[in-house]
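# Overview (structure and organization)
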Amino acid sequence: MQKTDTRPLAGWRPRLLPASALLLSLFMQSAGADAAFCDIDLDNAAVESSRELGISASGRMSLPDFNATITEIPPKQESWVMDPVRVVLEYLGTPGARTVAIRRCDASGERATETAVRIIEDGYLDDSLRGAWYSFSLERDAAGRWLILGGREAFRCWRGDHTDSYSERNCP
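Residues numbered from 1 in each chain as written. Predicted model: local features only at pLDDT ≥ 70, side-chain atom pairs only at ≥ 80, totals over all residues. Heavy atoms only, no water.

### Thoughts on unusual backbone geometry
Phi at R111 takes a positive value of approximately 55°, unusual for a residue other than glycine. Inspection of the secondary structure assignment puts R111 in the loop between β2 (99–106) and β3 (114–122). (Helix = DSSP H or I, 4+ residues; strand = E, 2+ residues; numbered from the N terminus.)

What follows is the structure, encoded as structure tokens:
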């Protein structure tokens, strides 16, 4: 008579993932980062040239005026002045790009006083301008508000010389 194993899973050990790894793997599977319509490559965006941000055709206010507005806002009254990404988005406005990629890099760890924010917008519903590339440097003031020290912009076109890269030249 053959002996029956009463504990067939005795040698099996479950593989445990830390909660953060499990959540990350679930997020990456459901985030759609590889979707065909999400084709912005923030790391490899070719920027031929860029120009300093100033008062542009879009009607944005100058950086000194924008920062003066921020310093007049009590930090606890408006939370957006405490977040550098939200400060940049408030400055740029919302042009209606189909896809947007944002990266923030702090100069140090906790309670950083300097940071950089890079934004790429692509898929404008425009016959000449396809997208825009922005790079900002920001500094935290004593009250904790983020002020924009400087910024650069470049553009990508649907037609013309720079359809695969960003340039300071206007689109035809």
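### As for the environment of P64
With respect to the secondary-structure elements, P64 resides in helix α2 (residues 63–71). Along the sequence, P64 and L147 sit 83 residues apart, while their C-alpha atoms lie 9.2 Å from each other.

### What to know about the pattern of salt bridges
A complete count under the given rule lists three salt bridges for this structure. For D106, the salt bridge goes to R104, with nearest N and O atoms at 2.9 Å. Take D106: its relative accessible area is 35%, and that puts it in the partly exposed class. The closest approach of N and O atoms between R145 and D141, which form a salt bridge, is 3.0 Å. Comparing R145 with D141, the two get one shared label, buried. (Salt bridge = Lys/Arg side-chain N within 4 Å of Asp/Glu carboxyl O. Buried < 20%, exposed > 50% of the residue type's maximum accessible area, 1.4 Å probe, protein only.)

### Topic: a nonpolar patch on the surface
A contiguous nonpolar surface patch, about 220 Å² in accessible area, is contributed by L89, V100 and I102. Tracing the sequence through the fold places I102 in strand β2. A relative accessible area of 38% means that I102 is categorised as partly exposed. (Patch = residues over 30% accessible without salt bridge, like charges linked within 9 Å, V, L, I, M, F, W, Y side chains within 5 Å. Areas by Shrake-Rupley, 256 points an atom, 1.4 Å probe, with all protein chains shown as cover.)

### Topic: helix α3 (residues 84–92)
At 3.6 residues per turn, the α-helix brings residues three or four places apart onto the same side. Taken as a whole, α3 has its buried residues at P84, V85, V87, V88, Y91 and L92. Axial view of α3: buried residues confined to an arc of 160°, hence all on one face. In the core, the buried residues of α3 are packed alongside α2, β2, β3, β4 (129–140) and β5 (146–157). Of the residues flanking the end of α3, it is G93, one or two places downstream, whose phi is positive at about 80°. (Arc of directions from axis to C-beta. Contact = heavy atoms within 4.5 Å.)

Remember that the coordinates give geometry; whether it matters functionally is a separate question.
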